[in-house]
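# Coordinate analysis (summary)
Each chain is listed here by its residues.
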Amino acid sequence: MDSVLDLLQNSVTKLSLGQALGLAFLALGFFYVVKQSLRKRLPPGPSGWPLIGSLPLLGNVPHHSLFQLSKQYGPIMYLKLGTTDTVVVTSPKVAEACLKVNDLNFSNRPGNAGATYMAYDSNDLVWAPYGPRWRMLRKVCNIHLFAGKALDDLQPVRETEVGMLLKSILDHERQGKAVNLGELLNVCTANVLGQIMLSKRVFESQGAKASEFREMVVELMVLAGVFNIGDFVPSLAWMDLQGVQKKMKKLHSRFDDFFGRILEEHKVAARNGGGKKDFLSVLLALRNDADGEGGKLTDTDMKALLLDLFTAGTDTSASTVEWAMSELIRHPKMMKKCQQEVESAIGQDRRRLKESDIQKLPYLQAVVKETFRLHPSTPLLLPRLAGEACEVEGYYIPKNARLLVNTWGIQRDPDVWERPLEFDPDRFVGSTVDVRGTDFQVIPFGAGRRICAGVSMGIRMVQLMLASLLHSFDWSLPEGQQPENLDMAEAYGLTLQKAVPLLAVPAARLPHHLYK
Ligand code: HEM
């Protein structure tokens, strides 16, 4: 052994300077090639800048900018957002590879200030780590809120609240006012959830507590929509450069007080034998039973769940209907077709529309699908996290990389859809393509294990509200505005809102006694 080493040493010392330099360059070249080939395995994408990465490329409306970038770099892109590894997906095929083939690996969500400071340190359902607790929370919600039987049992609540929506629109009509539809739809969806979960109309304008809650939800939407630098450059999070975390903490304590008070009222009612038949009462009754694999339901679990369901369920459904109404006002023939369909299904003077009528309205269902395609309320879904490094479409995805699925881009891609920017419900008439996470060309609710928990409730709410608005009223724009000039610009926030809210003028179509 010694002699071999001696030999090597001698030969190295015997190399000329030129030979030694040549060897050194060879070694450097070898390492460069290895490094490059490792790099090559990442998906293509912009190189970005130190510390901030490609954050400046996101612009004001990130799903637009990312869609443009995908045209340059392809359907799977890698970029640094701040210091975080991020993978952006913009094709049905790659979305399926992530959310179906590699679903388990992408079943977590990345931490962020909202989850930490507002959602009880990810102790809720939306941000909970994938595992037994998440499963337990989801199961409880499925059984008591979202499964077919629970949804059917809650049908009268939805119909009653939609009835109140129609009545309030009629009041506007009598005063000759245009209505801010988005606002009224928000009130309706929040009250449906309030009645289901707390036996309370949380968005009533009378009463200090009701309006306080509304104000808090609006603030939460604004805060959650802020692009918080600390989420992308974690080493700077402690500085809270935009003051977002401070505001979140303050808002969280207001929500906690609000839900805490309602929780205490429910506990007292249950002790006195006067418990209500709502979701919170069910949770209270379950608290001693639900100690299976997920552990007990604590007060915190319950408050976090209530917060989640209000925030995930209100704006999403309401803004979808606002977009649908805007499209129909721009396309009067389609609006007429919907109204004729409803009229021939249930008539125009006998009664108000019921949820069970929707099955007789295939064109209206197609209008809803087309709205989900063109105006998905959560354009980048909610972020996922790669639990382990993995391979997607031959590319290397690092462990802990964030996954953003640009469903807005997929649903407007000319490679995927014919005439993608045209609102054309007929593309869904007689088609089996569905929006519930099985057809990856249209996944407004996401897909896989962490698909939206409230898909069925959301679809039912959207269909019922839209069909009722069309059955009960004719709609036009305030004087001087032309349908073809209606502003359809998007504002970026927690959900995809219209930048300019829709103001529309209603004209009653039903006998007045039917609005009671
Ligand atoms: C138009 C209506 C709605 C749309 C478009 C929508 C969309 C979404 C999307 C895109 C996600 C993320 C899915 C993913 O990561 O793959 C999500 C998650 C979620 N949604 Fe919805 N949503 C709607 C209505 C609702 C309603 C009515 C509720 C409940 C009242 C709800 C509760 C939730 C919850 C709890 C999650 C988190 C699921 C989890 O992480 O396990 N959503 N939603």
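Residues numbered from 1 in each chain as written. Predicted model: local features only at pLDDT ≥ 70, side-chain atom pairs only at ≥ 80, totals over all residues. Heavy atoms only, no water.

Attention now moves to helix α14 (residues 299-330). With 32 residues, α14 extends 47 Å between its outermost C-alpha atoms, agreeing within 8% with the 46 Å of an ideal straight helix rising 1.5 Å per residue. Most of α14 is tucked away, with 27 of its 32 residues classed as buried. (Helix = DSSP H or I, 4+ residues; strand = E, 2+ residues; numbered from the N terminus. Expected span 1.5 Å × (residues − 1). Buried < 20%, exposed > 50% of the residue type's maximum accessible area, 1.4 Å probe, protein only.)

This next bit is on the sheet that holds strand β11 (residues 503-508). Pairing between the strands of a sheet is mediated by backbone hydrogen bonds and can be parallel or antiparallel. The antiparallel open sheet is built from 3 strands, whose spatial order is β3-β11-β8. For this open sheet the edge positions go to β3 (179-180) and β8 (473-476), each flanked by a neighbour on one side alone. Judged from the 4 bridges that link them, β8 and β11 form a sheet pairing that is antiparallel. Residue D474 lies in a different strand from β11, and its bridge partner there is A507. (Pairing = 2+ DSSP bridges.)

As a benchmark, a tetrahedral metal site with four donors has ideal angles of 109.5 degrees, while an octahedral site with six donors has ideal angles of 90 or 180 degrees. Here the protein supplies the iron atom of the ligand with just one donor, C452 (SG), and that contact is 2.3 Å long. Along the chain, C452 falls in the loop between α17 (407-410) and α18 (455-472). (Donors = N, O, S within 2.8 Å, 3.2 Å for Na, K, Ca; no water.)

Here we take up the confidence of the model for the protein. It should be kept in mind that the predicted coordinates are not to be read in detail where pLDDT is low. Model confidence for the protein is summarised by a mean pLDDT of 90, while 89% of its residues fall at 70 or above. Residue range residues 1-5 is modelled with pLDDT below 50. Its contacts to residues more than four positions away, or to other chains, number 0 contacts. Note that residues 30-34 has pLDDT below 50 and, in this model, 0 contacts with residues that lie over four places away or in other chains. (pLDDT = per-residue confidence, 0-100. Contact = heavy atoms within 4.5 Å.)

This part covers the nonpolar core. F213, L466, L469 and W475 are the most contacted members of the largest nonpolar core, which totals 111 residues. When residues in this core are grouped by element, the largest group, 14 residues, is from α14. Every residue in contact with L469, bar those within four places of it in the chain, is listed here: L165, L166, I169, L181, L185, V321, M325 and W475. Ranked by size, the runner-up nonpolar core spans 23 residues in total, among them A386, C390, V392 and I410. (Core = buried A, V, L, I, M, F, W, Y, C linked by side-chain atoms within 4.5 Å.)

Taken together, 29 residues form the shell around the ligand, and within it R109, W134, R138, R384 and C452 come nearest. Take R109: an N or O atom from its side chain is 2.8 Å from an oxygen atom of the ligand. Secondary-structure elements contributing two or more residues to the shell around the ligand are α6 (132-146) and α14. In terms of residues, the shell around the ligand owes the most to one element, α14, which gives 6 residues. (Near = heavy atom within 4 Å. Polar contact = N/O pair within 3.5 Å; in protein donor to acceptor, adjacent residues only side chain to side chain.)

Now for the pattern of salt bridges. This model, assessed by the stated rule, comprises 31 salt bridges. Linking D301 and R133 is a salt bridge whose minimum nitrogen-to-oxygen distance equals 2.5 Å. Within this pair, whereas D301 is found in helix α14, its partner R133 is found in helix α6, the two being separated by 168 residues in sequence. By relative accessible area, D301 is classed as buried at 4%. As a salt-bridge pair, D426 and K337 come within 3.8 Å of each other at their nearest N and O atoms. One end of the pair, D426, is in the loop between α17 and α18; the other, K337, is in helix α15 (residues 332-346), with 89 residues separating them in the sequence. Classification of D426 as partly exposed rests on a relative accessible area of 41%. Put simply, D152, R158, E355 and R460 are held in one network by salt bridges that share partners. (Salt bridge = Lys/Arg side-chain N within 4 Å of Asp/Glu carboxyl O.)

Another aspect to go through is the pairing of strand β2 (residues 84-89). The buried count for β2 comes to 6 of 6 residues, which makes it a mostly enclosed element. Burial along β2 is two-sided: the face carrying T84, T86 and V88 and the face carrying D85, V87 and V89 are both buried. In this structure, strand β1 (residues 76-81) lies alongside β2, joined through 6 bridges in antiparallel fashion. Bridge pairing in β2 links L79 to T86. Turn length for the β1-β2 hairpin, with the two strands adjacent in sequence and antiparallel, is 2 residues, and the turn residue G82 shows positive phi of about 65 degrees. Bridge count for β2 against strand β7 (residues 402-405) is 4 bridges, and the pairing is parallel.

Quick look at the UniProt feature "binding site: heme" (unreviewed entry) in the protein now. Feature annotation in UniProt assigns "binding site: heme" (unreviewed entry) to the following positions: C452. Non-local contacts of C452, meaning those with residues more than four positions away in its chain, are made with R138 and F445. (UniProt positions renumbered as here; feature names shortened; annotations may be inferred.)

This brings us to the sheet that holds strand β4 (residues 384-385). Ordered by their spatial adjacency, 4 strands build an open sheet running β1-β2-β7-β4, and the pairing between neighbours is mixed. Edge strands, defined here as strands with exactly one partner in the open sheet, are β1 and β4. As paired strands, β4 and β7 are joined by 2 bridges and run antiparallel to one another. In the sheet register, R384 faces β7, and the bridge partner there is L403. This element, helix α3 (residues 62-73), spans β1, β2 and β7 of the sheet and lies at about 125 degrees to β1. Contacts between helix α4 (residues 92-101) and the sheet are confined to β1, β2, β4 and β7, with β7 contributing the most and set at about 135 degrees to the helix. (Axes fitted to C-alpha atoms, helices over the stretch in contact; angles between N-to-C directions.)

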